[in-house]
Amino acid sequence: MGIAVENVTKKYGSFYAVDNVSLEVKTGSLVALLGPSGSGKSTLLRIIAGLEAPDKGQIWLNGENATYKSVQERNIGFVFQNYALFKHLTVRENVAFGLDIRKISKNKINQRIEELLQLVRLEGLGDRYPSQLSGGQRQRVALARALAVKPQILLLDEPFGALDAKVRKELRMWLRQLHEEVHVTTVFVTHDQEEAMEIADEIVVMNQGCVEQVGTPTEIYDYPATPFVMSFIGPVNVLPGLTGIVPNYHQLTAKDKIFLRPHDVVIQNDNGGEDAVSAQVDRIIHLGWEVRVELILKSGERVNAHLTREKFKQLQLQPQQPVWVKSKKARVFQDLVWN
């Protein structure tokens, strides 16, 4: 089932939580709503689910206007950050909850439960209670419960936000694999850029209630449409247009901003030509798989560079060492006001 959001607006008093948003989610795709706190992503998800009503606009599910349909009529599975499991019910009973309400036969319920416990890798844990499970296991129970009624759409609101980094990483990979198996149209909310890049087929970047850009992870990262998108997706150095670190910088003005990824910063021990500027190594941080070098340009601007271990070894950099810096690739956003 595909989703179409058409000119949707939601206000709370004078605050626009969602401001005239339109987007499409293709059938069977896995889409991330990505943005900082207060960007409107969770509100938009709740409007799609039917948990909130839009002030303006329409929600279309599989080509039908669902704006005024109830949650039950939309056939949507919803997973919250805090799991929302029933503490007094076992794993098996939690998963069966939606099926019991629909008065499905016991045999079919038991068969469906076994299928789901195997799908979410919780075989043998059906008789345990939520308090006897880890955070990652409880989240998988919540996903199994949402999938039990065979929803046409699965909505996840910060599903891994309450988990530690290691478990979160494991569940990302698992969710992607799960989606490949069930192929249900899925929309998940996150503020974690890496999570969105790793899991989603397509990313919707939101800011202040509006959609800044929609695209694949590659498109969002390599071809950001706005200064906000480039500054929010991945690390970036933001420099004045007159810094001199890009070709033809003399054509820029003081209002222009240069956006430069740390891995696109080129460090040389000798003058690299007219596009290079002098700098000094301020700090070196070894991150294991790469080395982060903090530089101070002659103009006083600070720049972060990410180097491979091989490149760092080749340059033999030391704190306070004078070097030359230029950009391999940069974006200039001209005369734009951004937040």
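Below is a summary of the structure that appears in this document. Owing to the predicted nature of the structure, the values given are computational and were not obtained by experimental measurement.

Details of the environment of Glu301
By secondary structure assignment, the location of Glu301 is in the loop between strand S15 (291-297) and strand S16 (302-307). On a C-alpha basis, the gap between Glu301 and Val238 in space is 9.4 Å, while along the polypeptide they are 63 residues apart. Other than its neighbours up to four places away in sequence, Glu301 contacts Leu239, Pro240, Leu295 and Ile296.

Some thoughts on unusual backbone geometry
The backbone of Asn7 shows a phi angle near 50 degrees, a positive value even though the residue is not glycine. Along the chain, Asn7 falls in strand S1 (residues 3-12). The exposure class of Asn7 is partly exposed, given its relative accessible area of 38%. Of note, Glu158 is a non-glycine position whose phi angle comes to about 45 degrees, a positive value. Looking at where Glu158 falls in the secondary structure, it is placed in the loop between strand S7 (153-157) and helix H5 (165-182).

Observations concerning the pattern of salt bridges
Evaluated as defined, the whole model comprises 20 salt bridges. Here Arg172 and Glu194 are joined by a salt bridge, their closest N and O atoms 3.3 Å apart. Note that Arg172 is positioned in helix H5 and Glu194 in helix H6 (residues 193-199), a separation of 22 residues in sequence. What you see here is one network of salt bridges that share partners, running through Lys169, Arg172, Asp192, Glu194, Glu195 and Glu198.

Thresholds applied
- Residues numbered from 1 in each chain as written.
- Predicted model: local features only at pLDDT ≥ 70, side-chain atom pairs only at ≥ 80, totals over all residues.
- Heavy atoms only, no water.
- Helix = DSSP H or I, 4+ residues; strand = E, 2+ residues; numbered from the N terminus.
- Contact = heavy atoms within 4.5 Å.
- Buried < 20%, exposed > 50% of the residue type's maximum accessible area, 1.4 Å probe, protein only.
- Salt bridge = Lys/Arg side-chain N within 4 Å of Asp/Glu carboxyl O.

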